[in-house]
Amino acid sequence: MGDASERGDEAWTARSQVPSVLVVDDEQVTRAVLTDFLSQEGYKVWTVDDARSALALMQRERIDLVLSGLCLPEMSGLDLLRELKESHPFTVALIMTAYPSVETATQAMKLGAFDYLQKPFKIQDVMLAVRRGLTQQRLRSENIELRAALSLYQLASRMSTSLELLPNLRLIAETVQEQTRATGVHVILFPRNEIMWDGVNLGDPLTEEDLTEETLALTTAVVVDEAHLPHYIEQNERTKRLLSVVIVPLFQQEEHFGVLIASSTQRNFWERDRKLLTIIADRASAAVQSAQLFEALERSFRHTIEALVTALEEKDPYTAGHSERVALYARLTAERLGLPPHETELIYQAGRLHDIGKLTIRSDELNKPTGLTPDEVRRFRLHPVYGEELLGAIPTFKALLPAIGGHHENYDGTGYPRGLKGKEIPLMARIMAVADSYDAMTSHRAYRKALPHAFAVEELKACSGTQYDPHIVAAFLLAIEDWRKKRIEAGLDVPA
Ligand SMILES: [Fe+2]
């Protein structure tokens, strides 16, 4: 099977292993001499007589340094360099030739050759070049490891700024792609139990249907080569071009909830890729877990808010329906102002909750027809602040706080609780103030009956520029007339 753990890797563990050198030359004598000396130096030595065999061997074995002849049958040493640059960027290559020319030397160096040796060579020169090449290889490996570590660090810090699942899974997939040069990265989440999200596919998609029983039964990460792919991935139109994959099962406690897969149509994966993906898969599991917790929290909070709105309306019968109407008027105004859908929805939600802080005020005070004491007035005027405190602890509601805290501020700075002025008052709050006042006037209150629509309109106009933002009043009046007209045409109720 295609498990790479027994066959070593490229850079990841290079320092802890004996360096391995591959000699590619069609002269038997050259191969024998070099094998002899390189073995004496303590290197693990492989030999082949052509470039294709070299590439085939490198699919199976970790090679740190290639020592290759220039003129080889079929595929030249330069062609080999070209391939290595693409498929084995961690490996260092040295070129040997009996017929040197400036052109080929330049070309070899351009293709990434580390050095260029002229035959017949002095063996000590070759050994020196090999030693220098291996030092270069080690530096390259360390550099790659550092880059991988940095990229994991960046991934962790970028993920911690968001609780949303899909953007986090996408970050994970991008990191895998960047680090492994995979042509496809797939996070497949099984649609069962609590998981209801889509996964993420970069490159050609893979789905759960493409996975075999063997893949679904995996408990640890595996690297799969081309020969063993059919055991793990169903062969079909989507998958037939794949050359190699790394599959990491995703677990949360005992539950196997998905897989992270890096796939490639161009390269073979190695142990390094498996290790890297195992680390990254942990982040994917954590992201799914956080998103699940967050969603459960949000769901329960929404239920709580529904309950709070109901409780507020029961406590204060005069505001029954008020929050919903304010929400509606505020949304109509926001739409008329041309705000984007996401913001108009926020404004609607804020309207439903704008008076939620009144829950903290005693019922007898709230429903007193007249004559609040100065202390009661002071408490009442703090209800926007109580509302902010109540909702401020939950991230989902953070975006609503400006509307809740500022809906009793006046444009000229005479409002409460903070006495903000003009554009200091958040836009959402300026909208809320107009919607709230209109509904307060046109609905029954504890201390008076509903006032007519026409009166409310005149009052808003009269206070435009002092109590209210004139820009908002203008938008509100257009929006409300439009709304009334449509409702009247449809035979529905409107404020008289
Ligand atoms: Fe209020």
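This structure is a prediction, so every number in the text was calculated from the model and none was measured.

Turning our attention to the pairing of strand 3 (residues 65–69). Within strand 3, five of the five residues are buried, which leaves it mostly tucked inside the rest of the structure. Alternating positions in strand 3 separate into two faces, L65, L67 and G69 on one and V66 and S68 on the other, with burial throughout. Where strand 3 meets strand 4 (residues 92–97), five bridges bridge the pair, whose relative direction is parallel. Looking at the pairing, L67 lines up with L94 of strand 4. For the handedness criterion, the β-α-β arrangement of strand 3, helix 3 (residues 77–87) and strand 4 is classed as right-handed.

Summary statistics for the protein chain give a mean pLDDT of 86 and a share of 94% for residues scoring 70 or more. Note that pLDDT drops below 50 for residues 1–16; the model gives that stretch 43 contacts with residues more than four away or on any other chain.

Glancing now at the environment of D439. Relative to the elements of secondary structure, D439 occurs in helix 16 (residues 427–442). Residue classification places D439 among the buried positions, given that 24 C-beta atoms sit within 10 Å. Between the C-alpha atoms of D439 and W197, which are 242 residues apart in sequence, the distance is 40 Å. Excluding anything up to four places from it in sequence, D439 contacts H322, R325, V326 and Y329.

This next bit is on the sheet that holds strand 9 (residues 244–252). Sheet strands pair via backbone hydrogen bonds, and the direction of the pair is either parallel or antiparallel. Here we have five strands laid out as an open sheet, ordered 7-6-10-9-8, and antiparallel in their pairing. Among the strands making up the open sheet, the edge pair consists of strand 7 (200–202) and strand 8 (222–224). Put simply, the sheet's adjacent strands are angled 15° from each other on average, direction ignored. Direction of pairing for strand 6 (residues 184–189) relative to strand 7: antiparallel, over a ladder of three bridges.

Those residues of helix 2 (residues 51–60) not exposed but buried are A51, A54 and M58. Mapping the buried residues of helix 2 onto a view down its axis gives an arc of 50°, with all of them on the same face. For helix 2, the exposed residues lying more than 90 degrees away from the buried face are A56 and R60. Contact partners of the buried residues in helix 2: strand 1 (20–24), strand 2 (44–48), strand 3 and helix 3.

A few words now on the packing of helix 10 (residues 322–336) against helix 11 (residues 341–353). Packed helices, taken two at a time, are described by the angle between their axes plus the distance between the axes. Running from amino to carboxyl end, helix 10 crosses helix 11 at an angle of 160°, the nearest separation of the two axes being 7 Å. It follows that helix 10 is roughly antiparallel to helix 11 by the angle criterion. Seen from above, helix 10 lies across helix 11 with right-handed handedness. Contacts from S323, E324, V326, A327, A330, R331, A334 and E335 of helix 10 reach helix 11 at E343, T344, I347, Y348, G351 and R352. Looking at the contact of helix 10 with helix 11 residue by residue, the class counts come to six nonpolar, three polar and five charged.

A few words now on the domain arrangement of the protein chain. Looking at the protein chain, the domain boundaries give domain 1 (4–146), domain 2 (162–292) and domain 3 (316–489). Between the C-alpha centres of domain 2 and domain 3 the distance comes to 50 Å.

Helix 6 (residues 165–180) packs onto helix 5 (residues 123–159) with a crossing angle of 170° between their chain directions and a minimal axis gap of 10 Å. What the angle tells us is that helix 5 and helix 6 run roughly antiparallel. Taking contact as the criterion, the partners of A148, S151, L155, R158 and M159 in helix 5 are, on helix 6, N168, L171, I172, T175, E178 and Q179. Grouping the amino acids of the contact of helix 5 with helix 6 by side-chain chemistry returns five nonpolar, four polar and two charged.

This part takes up the environment of S264. Looking at where S264 falls in the secondary structure, it is placed in strand 10 (residues 255–264). Distance in space between the C-alpha atoms of S264 and E345 is 43 Å, their sequence separation being 81 residues. Setting aside residues no more than four positions away along its own chain, S264 makes contact with A182, T183, L243, S244 and F269.

So, on to the pairing of strand 9. Where burial is concerned, most of strand 9 is hidden: seven out of the nine residues are buried. Across three bridges, the pairing between strand 8 and strand 9 is antiparallel. The partner of V223 across the bridge, within strand 9, is V246. Here strand 9 runs beside strand 10; their pairing, made up of nine bridges, is antiparallel.

This part covers the sheet that holds strand 3. Spatially, 2-1-3-4-5 is the arrangement adopted by the five strands of the open sheet, whose pairing is parallel. Two strands bound the open sheet, and with one partner strand each, they are strand 2 and strand 5 (115–118). Between one strand axis and the next, the sheet turns through 20° on average, direction left out of account. Here strand 1 pairs with strand 2 via five bridges, running parallel. Across the sheet, the residue bridging to V23 is T47, located in strand 2. Relative to the sheet, helix 1 (residues 28–40) contacts strand 1, strand 2 and strand 3, its axis offset from that of strand 2 by approximately 170°.

Below, the discussion takes up unusual backbone geometry. In this model, K119 is joined to P120 through a cis peptide bond whose omega is -10°. Summarising the element assignment, P120 is placed in the loop between strand 5 and helix 5. The omega torsion of the bond from Y416 to P417 falls at 5°, within 30 degrees of zero and hence cis. Here P417 shows up in the loop between helix 15 (401–406) and helix 16. With phi around 65°, E74 is a residue other than glycine that occupies positive phi space. In this structure, E74 sits in the loop between strand 3 and helix 3. Positive phi is not limited to glycine here, since R181 has a value of about 55°.

Each value, and the rule that gives it
- Residues numbered from 1 in each chain as written.
- Predicted model: local features only at pLDDT ≥ 70, side-chain atom pairs only at ≥ 80, totals over all residues.
- Buried ≥ 20, exposed ≤ 12 C-beta atoms within 10 Å, placed from the backbone.
- Helix = DSSP H or I, 4+ residues; strand = E, 2+ residues; numbered from the N terminus.
- Pairing = 2+ DSSP bridges.
- Right-handed = clockwise from strand over helix to strand, strands pointing away.
- pLDDT = per-residue confidence, 0-100.
- Contact = placed C-beta atoms within 7 Å.
- Axes fitted to C-alpha atoms, helices over the stretch in contact; angles between N-to-C directions.
- Arc of directions from axis to C-beta.
- Parallel < 35°, antiparallel > 145°, perpendicular 65-115°, else oblique.
- Left-handed = near helix turned anticlockwise from the far one by under 90°.
- Nonpolar A, V, L, I, M, F, W, Y, C, P; charged D, E, K, R; others polar.
- Domains from an automatic or database assignment.

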